[in-house]
Amino acid sequence: MTPAPDRPLTLAARGVTVTYPNGHVALTDATFALGGGTICALVGVNGSGKSTLFKALMGFVVPSAGAVTISDEPVRTAQRRGWVAYVPQAEEVDWTFPVNVHDVVMMGRYGYMNFLRIPRAADRDAVADALRRVGLWDLRDRQIGELSGGQKKRVFVARALAQQGRVILLDEPFTGVDVKTEEAIVALLRELRAEGRLILVSTHNLGSVPEFCDQVVLINRTVLACGPTSEVFTADNLQRAFGGALRHFDLSRSTVEEHDGRQVTVLTDDERPLVLGQGGHLEYRDRSAHEKLVADREAGKT
Amino acid sequence: MSLDLLLQPFSYDYMLTALWVSTLIGAVCGLLSGFITLKGWSLMGDALSHAVVPGVGLAHLAGLPLSLGAFTSGLLAAAAMSFVKLKTPVREDAVIGVVFTAFFAFGILLISLFPAQLDLKSIIFGNILAIAPGDVAQLVAISVLCVAVLALQWRDLLLFSFDPNQARTLGLPVRRLHLTLLLLLSATTVAALQAVGAILVVAMLITPGATAYLLTDRFGRMLVLGSALGAFTAFAGAYASYFLDGATGGCIVVLQTLGFLLAFVFGPKHGLLAARRARRRLCLVAPAVAP
């Protein structure tokens, strides 16, 4: 049965095990389920099976056990319907290829075109909309190699938009991207979430996860935990996922003095730090969307 | 030089055939070269062109069409490469090197064992001037087929070359596209073999595309330009070989190389001079920006 066009899709992995031809088992018994209208982070160290899970979700590798389904359909069917859109890492793309911004975004429309892939008015409109939405309309005739790092990223986000993908997978979208672009992309992802799309972001940038992801799948050769960020992103879980791979910085009582107004500033050069409160609960920089959670914690304390 | 002398090549049937057949092959190879250079299959083209030699030899001995032998041999080599690559951790370029030299060596051995029936020179260097009518028909058939497939599928092949993952995500038959490109490469290699010979085929399949790449930033234009360059150089090369009394293949490829050098130096965006101009402009602008 096909879900109605506007109904959000669901994504489920059930007992997914992936074994590569050389015998390496990259992922064992990974199980999780997500419903549409979410931004979910896929978090794990390098070699944790993060990219393998991504490949399984996109049908690039076939699980040796278990299955991935999208609204109860196999991945292949979902792909044919254009449900799944993919935003690759910058390193995967040949930036010297003789194509311009418009050409690349048009590649998101192939599934809607006939055998000859000749664009119609609807395809041109979708591409124009997508380009305007990411702010690249004026640069549509540029060869893709002539774009800045942030613009390069946005081209492929625009392609996912033009495809009208309802499950959007982004592979490390914030590596090599400046803070301004990161914020622009996050704002766009929030809009897409509001439209009921299911967005899955693979990242190792822990600090930014609580800022924009409402759910997290934590993996280390299997799914360690999945669910709302506030429940999954705890010191214990992260310790299990990362082991000794994280730098620890305990700001003890002596650092957070009353005479500082109980305020400290943490500076990092590139990635946002993840700040956990007493007992290992998440601290949000922007509490506006999390008032209830904070109130519950206050209530629990007293 | 009088006009009569310039028109002289056109008065011989064998020259006329050589001219239009070369032009056709040049155009088809040039068209395909856009995909080969962007897909990074240049080495693969080189390998296939050498790997067809034993097929040509065997087909000749068995009295079968040369194209059939060459095509089969090329595909066998491609299959052998992907099999060895899958089963060993040896790097891809080494695998390609091992397989194609093995095929080529077998071909040379075969030719040297039957010197009466097989002419090493015409297989290695081509002999368009003595092409048989049956071979011309095969060539035309191969060319028409290649152009038709590319005309219908070039956008799919473009996506497959640029971003195979996106092609897969959209549910495109990636494996079939890969095979299509491989078959086209083998077929055009076979077709070009008779014009320029096994050694120089690879130039026909790479140089026009590489030259066009330096001249434009749009894929569609690159295909048209590559094809036009291939056709023009093949025609002019065959024409010049009449007066020089030199090898046709050599003339064609030397011309193609000249074209590449011109684009390399004078290319509007990627050429050496353009790069220097851009640097100079940057130097002029920079002080104005500084406070």
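Just so it is clear, the structure is predicted and the values come from calculations on it, not from any experiment.

1. Quick notes on the overall build of chain B
Secondary structure assignment for chain B yields 13 helices and zero strands. For chain B, with 291 residues in total, the buried portion stands at 47%. Look at the contacts in chain B between residues 6 or more apart in sequence, and 72% of them connect residues 24 or more apart. Accessible surface computed for chain B: about 13800 Å², of which carbon and sulfur atoms make up 72%.

2. Focus: a positive patch on the surface
A cluster of basic side chains, namely Lys 55, Arg 76 and Arg 80 of chain A together with Arg 168 and Arg 175 of chain B, defines a positive patch on the protein surface. As for its placement among the helices and strands, Arg 76 of chain A is situated in helix α2 (residues 75-80).

3. Looking at the packing of helix α2 (residues 13-39) of chain B against helix α10 (residues 174-215) of chain B
Residues and elements named next belong to chain B. Where α2 meets α10, the axes come as close as 6 Å, and the angle between the chain directions of the two elements is 60°. Taken together, the axis directions place α2 and α10 in an arrangement best described as oblique. Two packed elements cross with a definite hand, and for α2 against α10 that hand is right-handed. For the contact of α2 with α10, the residue count by class is 19 nonpolar, seven polar and one charged.

4. Description of unusual backbone geometry
In this model, Asp 29 of chain A sits at a positive phi of 50°, which is unusual for a non-glycine residue. Tracing the backbone through its elements, the reader meets Asp 29 of chain A in strand β2 (residues 25-35). On the basis of relative accessibility, which here comes to 49%, the residue Asp 29 of chain A falls in the partly exposed class. Despite not being glycine, Asp 245 of chain B shows a phi value in the positive range, around 55°. Among the structural elements, Asp 245 of chain B can be located in the loop between α11 (219-244) and α12 (248-266). The exposure class assigned to Asp 245 of chain B is exposed, which follows from its relative accessible area of 70%.

5. Things to note about a nonpolar patch on the surface
All names here are of chain B. Taken together, Leu 3, Leu 5, Leu 6, Leu 7, Phe 10, Leu 16, Phe 235 and Phe 243 make up a surface patch of nonpolar side chains, about 640 Å² in accessible area. Listed by contribution, the elements that provide at least two residues to the nonpolar patch are α1 (3-7) and α11. Here the element with the most residues in the nonpolar patch is α1; it accounts for four residues. Within the secondary structure layout, Phe 10 lies in the loop between α1 and α2. The exposure class of Phe 10 is partly exposed, given its relative accessible area of 31%.

6. Overview of the side chain of Ser 202 of chain A
Residues and elements named next belong to chain A. Summarising the element assignment, Ser 202 is placed in strand β8 (residues 198-203). A relative accessible area of 2% means that Ser 202 is categorised as buried. In terms of polar contacts, Ser 202 uses its side chain to reach the side chain of Asp 171, at 3.2 Å. Those residues within four positions of Ser 202 in sequence are excluded, and the remaining contacts are Leu 42, Lys 50, Phe 54, Leu 170, Asp 171, Glu 172 and Pro 173.

7. Focus: empty space enclosed by the protein
Residues and elements named next belong to chain B. A complete count under the given rule lists one cavity of 30 Å³ or more for this structure. One number sums up the size of the largest cavity: a volume of about 50 Å³. Every residue lining the largest cavity is listed: Thr 207, Pro 208, Thr 211, Leu 229, Gly 230, Thr 233, Gln 256 and Gly 259. Elements represented by at least two residues in the lining of the largest cavity include exactly α10, α11 and α12.

8. Observations concerning the sheet that holds strand β3 (residues 38-43) of chain A
All names here are of chain A. Strands sit in the order β6-β7-β8-β3-β9-β10 across an open sheet of six strands; the sheet is mixed. Every interior strand has two partners, whereas the edge strands, β6 (84-87) and β10 (223-228), have only one. On average, adjacent strands in this sheet sit at an angle of 15° to one another, irrespective of strand direction. The pairing of strand β7 (residues 167-171) with β8 spans five bridges and is parallel. Bridge pairing in β8 places Val 167 opposite Leu 198. Against the sheet, helix α1 (residues 50-57) touches β3, β6, β7, β8 and β9 (215-219), its axis set at about 150° to β8.

9. Observations concerning the packing of α10 of chain B against α12 of chain B
Residues and elements named next belong to chain B. It is at 9 Å that the axes of α10 and α12 come closest, and there the two elements cross at 20°. By the criterion of interaxial angle, the relationship of α10 to α12 is roughly parallel. Two packed elements cross with a definite hand, and for α10 against α12 that hand is left-handed. Of the residues in α12, those in contact with Ala 195, Val 196, Leu 200, Ala 203, Met 204, Thr 207, Pro 208, Ala 210, Thr 211, Leu 214 and Leu 215 of α10 are Thr 248, Gly 249, Gly 250, Ile 252, Val 253, Gln 256, Thr 257, Gly 259, Phe 260, Ala 263 and Phe 264. Looking at the contact of α10 with α12, its residues break down into 14 nonpolar, eight polar and no charged.

10. Some thoughts on the sheet that holds strand β4 (residues 65-70) of chain A
Residue and element names in this part refer to chain A. Pairing within the open sheet is antiparallel, and its four strands lie in the order β2-β1-β4-β5. Edge positions in the sheet fall to β2 and β5 (73-74), since each of these pairs with one other strand and no more. Pairing of strand β1 (residues 10-19) with β4 involves five bridges; the strand directions are antiparallel. The residue bridging Ala 13 from the neighbouring strand is Val 68, located in β4. Along the sheet, α1 makes contact with β1, β2 and β4, crossing β2 at roughly 60°.

Analysis parameters
- Residues numbered from 1 in each chain as written.
- Chains lettered and ligands numbered in written order.
- Predicted model: local features only at pLDDT ≥ 70, side-chain atom pairs only at ≥ 80, totals over all residues.
- Heavy atoms only, no water.
- Helix = DSSP H or I, 4+ residues; strand = E, 2+ residues; numbered from the N terminus.
- Buried < 20%, exposed > 50% of the residue type's maximum accessible area, 1.4 Å probe, protein only.
- Contact = heavy atoms within 4.5 Å.
- Areas by Shrake-Rupley, 256 points an atom, 1.4 Å probe, with all protein chains shown as cover.
- Patch = residues over 30% accessible without salt bridge, like charges linked within 9 Å, V, L, I, M, F, W, Y side chains within 5 Å.
- Salt bridge = Lys/Arg side-chain N within 4 Å of Asp/Glu carboxyl O.
- Lys, Arg positive; Asp, Glu negative; His and termini not counted.
- Charge placed at Lys NZ, Arg CZ, Asp CG, Glu CD.
- Axes fitted to C-alpha atoms, helices over the stretch in contact; angles between N-to-C directions.
- Parallel < 35°, antiparallel > 145°, perpendicular 65-115°, else oblique.
- Left-handed = near helix turned anticlockwise from the far one by under 90°.
- Nonpolar A, V, L, I, M, F, W, Y, C, P; charged D, E, K, R; others polar.
- Polar contact = N/O pair within 3.5 Å; in protein donor to acceptor, adjacent residues only side chain to side chain.
- 1 Å grid on protein atoms, 1.4 Å probe; cavity = no way out; pocket = protein on both sides within 12 Å on 5 of 7 lines; lining within 4 Å.
- Points joined across faces, edges and corners; volume = space filled by probe spheres on them.
- Pairing = 2+ DSSP bridges.

By themselves, these observations are geometric and do not establish any function.
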